[in-house]
Amino acid sequence: MSKVLEERAEKEEKESETTSGDQVYDWSAGLEETDDSQLYFSPDQGNVVFASAIDGWGFSVKQFAHIYSEKMGIKRELLLKTLWGDFYLNAKAKKIMKGAQAKGKKPLFVQLVLDNIWSLYDAVVTRDQEKVVKVVTSLGVKVMARDSRHSDPKVLLSAICSQWLPVAQAVLSMVCEKLPSPLDMAAERVEKLMSVGARRFDSLPEQTQELKRAFLQCSSAENAPVIVFVSKMFAVDTKALPQNRQRTLTPEEIGQRRELARQRHAARMAAGQTAAESNKDHIHSGSVPQEGQPSGICTAKMENLTLKDSKPEESAEQRETFIAFARVYSGVVKKGQRVFVLGPKYDPTQGLSMLPESCSASDFVPDVPHLSCCSMESIYLLMGRELEELEEVPAGNVLGIGGLEECVLKSATLSTSPACPPFIPLNFEARPIVRVAIEPKHPSEMPKLVRGMRLLNQADPCAEVLIQETGEHVLVTAGEVHLQRCLDDLRERFAKIEFSASKPIIPFRETVVRPPKVDMVNEEMGKQHKVAIIHQMKEEGSQGRSSDNLHVDPSGLVTLTTPNRLATVSVRAIPLPQEVTCLLESSSELIRTMEQVNMSLREGKNLDINPATLEAMVGLKAQLENLLQGRKWRNAVEHIWAFGPRRCGPNILLNSVEGYQRPSVWQCLGRVDDVDEAGAQAAVLRDFDNSIISGFQLATLSGPLCEEPLMGVCFSIERWDVQSSAAPQSQDSRFCEDLAESKVERSSEATEAGPSQARRRPDAASADCYGPVSGQLIASMKEACRHAFHAQPQRLMAAMYTCEIMATAEVLGKVYGVLGKREGRVLHEEMKEGTDMFIIKAVLPVAESFGFADEIRKRTSGLASPQLVFSHWEVLSSDPYWVPTTEEEYLHFGEKADSANQALKYMNAVRRRKGLYVEEKIVEHAEKQRTLGKNK
């Protein structure tokens with residue numbers, strides 16, 4: 001599609017150059033008149049292979065066109081066009097005619113291809129020996145006697161098909177003919193691969209831009225720079241490496257070894273006979289053999305002892321070896337060659353400035369950030385499970401590289417030129433979502449566990465290994481099956497120790513929603529009911545805080561004053577539309593890049609942004625303006641203060657303070673031509689502006705429900721007052737350092753003078769530059785956001801899997817029963833054409849997915865198997881703090897609302913795991929409780 005649009009754009013440019021005057025723009029896409037047949041899969045295009053991997057045959061239309069062009073004398077080009085389609089063979093006229101379906105004739109493909117394959121299957125499966133012999137003779141294949149006499153007919157079928165239509169030949173020829181050559185790489189793709197972060201390609205150093213020619217040429221010349229991309233690391237057993245495998249001996253070497261063994265045996269026999277005779281003489285004479293003259297028996301024992309002792313050394317524990325799966329884009333990779341390893345954050349501009357001119361990886365390399373050197377100890381040809389050692393590999397090929405496990409974690413860029421930028425990282429569809437904490441059974445084996453987890457992290461591109469602030473070693477995986485596989489690999493391959501894993505830790509998110517219009521029994525909520533809910537939330541939000549510092553009005557605006565009474569902030573929490581939340585979540589990388597550019601502008605640096613990145617930022621802003629419509633969101637996009645958490649999350653801090661015109665987060669989109677203008681914009685920031693942002697980041701990182709990150713919440717700052725005494729006296733950092741040093745000197749003098757004089761010293765805390773005031777403002781901002789969150793209807797968000805199940809009609813009800821039991825929801829079902837199988841698509845909470853696959857297989861006797869992929873975050877409809885408030889709710893749920901609250905169950909489970917307070921009633925020794933009547 002992009003190619004078609006490019007051709008149309010070129011055509012429009014030519015027309016605009018030749019024509020002049022008023023023009024009417026053609027809004028059609030230009031796809032109707034374009035020949036796009038080569039863009040689709042079709043057998044007549046030669047890009048489809050019909051194959052059966054079980055029986056070992058495969059073919060394309062081109063192969064049968066070649067066969068029948070020789071047998072029937074029909075042109076090969078004609079057969080290529082008519083062998084697939086509505087054509088049939090007229091035997092009388094000896095012509096290929098059109099309209100097989102209308103005339104009730106067999107299509108040419110059925111007549112010449114499928115009928116022959118079916119006759120072969122019929123002859124072999126029904127064991128018609130005469131027919132099998134006839135087919136084998138006509139095809140010209142040779143079948144071994146043991147295959148023809150085998151009891152399983154599939155063995156004979158595979159033997160015939162693998163010679164007649166080998167699947168490997170069909171697939172390999174298709175790869176050679178249809179896969180694009182490395183020389184066909186587009187220039188735009190090269191620039192996209194080489195663009196570092198948000199920088200434009202033309203802003204990179206000249207040496208880096210010159211490498212574009214090497215990419216496009218894909219040259220294997222000696223002077224061409226070597227550029228290799230490692231996409232992943234995979235573990236192999238050391239014994240499977242070619243240098244460790246036993247080599248097959250030639251007949252000459254076998255003869256030489258046999259002759260050498262015969263000579264050794266003869267020498268041993270002669271030595272043993274001589275020793276036995278001398279021992280007999282010594283025994284008769286009453287003497288023993290002298291030291292250094294062992295007998296034949298002793299010699300045999302020593303040889304056996306030597307052989308036994310050498311076996312443990314040979315069978316010693318073999319550790320895993322990592323091979324890099326890589327592709328060569330330029331140059332020739334040679335065994336033992338030294339190259340630069342470019343990390344994902346490597347900047348070629350910084351590297352070239354720090355390295356000497358014409359520096360190579362073999363020279364002494366100074367410490368450059370994200371740059372290291374390594375030697376490619378061995379290179380391999382990847383032959384399925386087999387590895388064949390090579391001496392060199394030219395450009396355009398895929399290869400395996402050994403000896404990089406100490407330099408490459410999961411993916412990397414290798415090059416002989418330090419001007420080469422790192423490639424953009426790979427994106428995986430499966431996101432790690434399920435985590436467990438791991439600890440060894442014996443504390444002394446902790447180093448083995450750490451090393452094993454490091455190897456697992458290197459071997460599995462979808463697994464993550466983390467060390468939390470508490471010191472726990474955490475493994476993050478994509479799901480239950482992936483988790484079990486990772487734990488088995490860690491136990492049996494990488495760590496080889498016994499360890500204990502915690503229960504799976506499922507992440508949640510916290511959010512606020514718009515006030516509901518109906519209650520829990522679907523009755524419309526009146527005004528009194530809404531006021532009662534607001535007062536209830538106000539009481540919950542004001543617990544633990546004095547009324548002097550905190551005020552919550554009925555509209556949900558929270559006003560909080562710092563303990564030192566120097567700053568006051570008013571915050572309101574507003575739920576974001578679901579579309580905005582999804583947009584921010586999917587654009588986290590773009591927002592992070594935008595934050596980095598804004599930080600550079602505030603520091604006085606001017607960056608040349610990549611046009612594609614700049615266009616994406618403009619598109620993000622336009623989408624937000626389109627989605628945030630309405631009176632309360634008027635000019636909201638222009639007043640975005642920050643995103644959070646971690647400055648790139650799906651939450652927004654909004655600047656609604658009157659009279660405070662701070663630079664927008666979109667300042668990188670403006671035309672900043674010089675550094676002075678950027679500095680003038682940065683000077684508009686009020687004092688303690690970063691304290692407000694820091695408090696917002698902390699609040700969104702851990703919410704008040706169960707300390708999980710927030711999602712889809714907008715915090716609007718409507719008032720922010722700071723007294724003049726709280727403002728720093730000077731913005732100079734040197735003044736802050738001098739003041740801190742003077743405070744340290746005064747405190748030491750006061751200690752020497754005694755406590756009475758120390759009490760007479762004036763307190764200089766109020767004059768400290770960004771000291772207690774900034775810290776108290778951060779804490780107050782965090783608390784204000786949490787209370788504003790409490791003042792709105794709050795909900796938990798659960799991680800959801802997309803579940804795809806294939807099942808027959810007989811077990812459809814059992815599948816629905818298992819899904820309903822685990823809070824699943826069926827989206828749609830459809831019947832697969834030509835079969836009696838139904839394809840069911842549903843969503844399932846990740847927290848309910850453990851044991852789901854096993855249960856559904858047991859309930860359906862193995863006739864249904866689910867496939868789970870992380871999809872999205874979904875708001876749980878129930879309020880975790882809900883209590884009955886209307887008469888109907890009291891009648892339906894009871895006074896204590898004893899029915900199961902799914903959100904409350906999830907929230908309490910997370911709080912219990914984190915050691916937070918859980919409000920629950922625990923009954924102990926219930927059997928000892930008796931009534932007063934029984935005590936009499």
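Quantities reported herein were computed from a predicted structural model and do not represent experimental measurements.

A.B. asks: Kindly report on the sheet that holds strand β25 (residues 713–722), identifying the contributing residues and their values.
C.D. replies: Reading across from one edge, β20-β21-β22-β25-β24-β23 is the order of the six strands in this open sheet, with mixed pairing throughout. Looking along the sheet, the strands with just one partner apiece sit at the ends: β20 (550–552) and β23 (640–644). When the angles between neighbouring strand axes are averaged without regard to direction, this sheet yields 20°. As judged from the four bridges shared by strand β21 (residues 558–561) and strand β22 (residues 567–575), these two strands associate in the antiparallel manner. For Val558, the partnering residue across the bridge sits in β22 and is Val571. Against the sheet, helix α25 (residues 772–790) makes contact with β20, β21, β22, β24 (651–655) and β25, and its axis sits at roughly 35° relative to β22, the strand it touches most.

A.B. asks: Which residues make up the packing of helix α5 (residues 108–125) against helix α6 (residues 129–139), and what values go with them?
C.D. replies: Interaxial distance between α5 and α6 falls to 8 Å at its minimum, and their mutual angle equals 140°. The orientation of α5 relative to α6 falls into the category oblique. Between α5 and α6 the crossing geometry is left-handed. On the side of α5, the interface is formed by Ser119, Leu120, Asp122, Ala123 and Val124, while α6 contributes Lys131, Val132 and Val135.

A.B. asks: Can you tell me about the packing of aromatic side chains, naming the residues and giving the values?
C.D. replies: Working definition: an aromatic ring pair is given by the centre-to-centre distance plus the angle between the planes. With the rule as written, the count across this model stands at 20 aromatic pairs. Relative to Phe64, the ring of Phe59 lies with its centre 4.9 Å away and its plane at 80°, an arrangement referred to as edge-to-face. Feature note: the residues Phe50, Trp57, Phe59, Phe64, Tyr68, Trp84, Phe109 and Trp164 constitute an aromatic cluster, connected by ring pairs. Against the face of Tyr329 rests Arg327, its NZ or CZ located 4.9 Å from the ring centre. One residue, Arg686, lies across the ring of Trp720, its end atom 4.1 Å from the ring centre.

A.B. asks: Pulling in residues and values, what's your account of empty space enclosed by the protein?
C.D. replies: Taken as a whole, this structure holds two cavities of 30 Å³ or more when the rule is applied. Reported here for the largest cavity is a volume of approximately 60 Å³. Sorting the residues of the lining of the largest cavity by element identifies α5, α6, α7 (145–148) and α8 (153–164) as the ones contributing at least two each. Counted by class, the lining of the largest cavity contains five nonpolar, three polar and three charged residues.

A.B. asks: I'd like a description of the pairing of strand β26 (residues 794–808), backed by residues and values.
C.D. replies: Burial runs high along β26: twelve of the 15 residues are buried. Alignment of strand β19 (residues 508–512) against β26, held across five bridges, turns out to be antiparallel. Paired with Glu510 across the strands is Leu796, a residue of β26. Relative to strand β29 (residues 865–875), β26 runs antiparallel, the two being bridged by ten bridges.

A.B. asks: Give a detailed account of the nonpolar core, specifying residues and quantitative values.
C.D. replies: Residues Ile401, Leu404, Leu475, Leu653 and Phe715 are the most contacted members of the largest nonpolar core, which totals 96 residues. With seven residues, the single largest contributor to this core is α25. Among residues more than four places away in sequence, those in contact with Leu653 are His639, Ile640, Trp641, Ala642, Ile692, Ile693, Phe696, Phe715, Ile717 and Met781.

A.B. asks: For the sheet that holds strand β9 (residues 371–375), give the residues involved together with the corresponding values.
C.D. replies: Read from one edge to the other, the open sheet built from eight strands follows the order β9-β8-β14-β5-β6-β13-β10-β11, with strand pairing classed as antiparallel. Edge strands, defined here as strands with exactly one partner in the open sheet, are β9 and β11 (386–390). For this sheet, the mean inter-axis angle between neighbouring strands, taken without regard to orientation, is 40°. For strand β10 (residues 378–383) and β11, the ladder comprises five bridges, and the chain directions are antiparallel. When the sheet's bridge partners are listed, Ile379 is paired in β11 with Leu390.

A.B. asks: Account for the pairing of strand β14 (residues 412–415), naming residues and giving values.
C.D. replies: Neither face of β14 is exposed, since Ala412 and Leu414 on one face and Thr413 and Ser415 on the opposite face are all buried. Relative to β14, strand β5 (residues 227–237) runs antiparallel, the two being bridged by four bridges. Of the residues in β14, the one forming a bridge with Phe229 is Thr413.

A.B. asks: Which residues make up the pattern of salt bridges, and what values do they have?
C.D. replies: By the definition in use, this model includes 23 salt bridges. A salt bridge links Glu638 to Lys621; its shortest N-O distance comes to 2.8 Å. Of this pair, Glu638 sits in the loop between α20 (611–627) and β23 while Lys621 is found in helix α20, placing the two residues 17 residues apart along the sequence. Since its relative accessible area comes to 38%, Glu638 is described here as partly exposed. Take Lys621: its relative accessible area is 17%, and that puts it in the buried class. Note that Glu874 and Arg825 form a salt bridge whose closest N and O atoms lie 3.0 Å from each other. Of this pair, Glu874 sits in strand β29 while Arg825 sits in strand β27 (residues 825–831); the two residues are 49 residues apart in sequence, bridging distant segments of the chain. On the basis of relative accessible area, Arg825 is assigned to the partly exposed category, the value being 38%.

Conventions we followed
Residues numbered from 1 in each chain as written. Predicted model: local features only at pLDDT ≥ 70, side-chain atom pairs only at ≥ 80, totals over all residues. Heavy atoms only, no water. Pairing = 2+ DSSP bridges. Helix = DSSP H or I, 4+ residues; strand = E, 2+ residues; numbered from the N terminus. Axes fitted to C-alpha atoms, helices over the stretch in contact; angles between N-to-C directions. Contact = heavy atoms within 4.5 Å. Parallel < 35°, antiparallel > 145°, perpendicular 65-115°, else oblique. Left-handed = near helix turned anticlockwise from the far one by under 90°. Phe/Tyr/Trp six-rings, centres within 6.5 Å; stacked < 30°, edge-to-face > 60°. Lys NZ or Arg CZ within 6 Å of the ring centre and 35° of its normal. 1 Å grid on protein atoms, 1.4 Å probe; cavity = no way out; pocket = protein on both sides within 12 Å on 5 of 7 lines; lining within 4 Å. Points joined across faces, edges and corners; volume = space filled by probe spheres on them. Nonpolar A, V, L, I, M, F, W, Y, C, P; charged D, E, K, R; others polar. Buried < 20%, exposed > 50% of the residue type's maximum accessible area, 1.4 Å probe, protein only. Core = buried A, V, L, I, M, F, W, Y, C linked by side-chain atoms within 4.5 Å. Salt bridge = Lys/Arg side-chain N within 4 Å of Asp/Glu carboxyl O.

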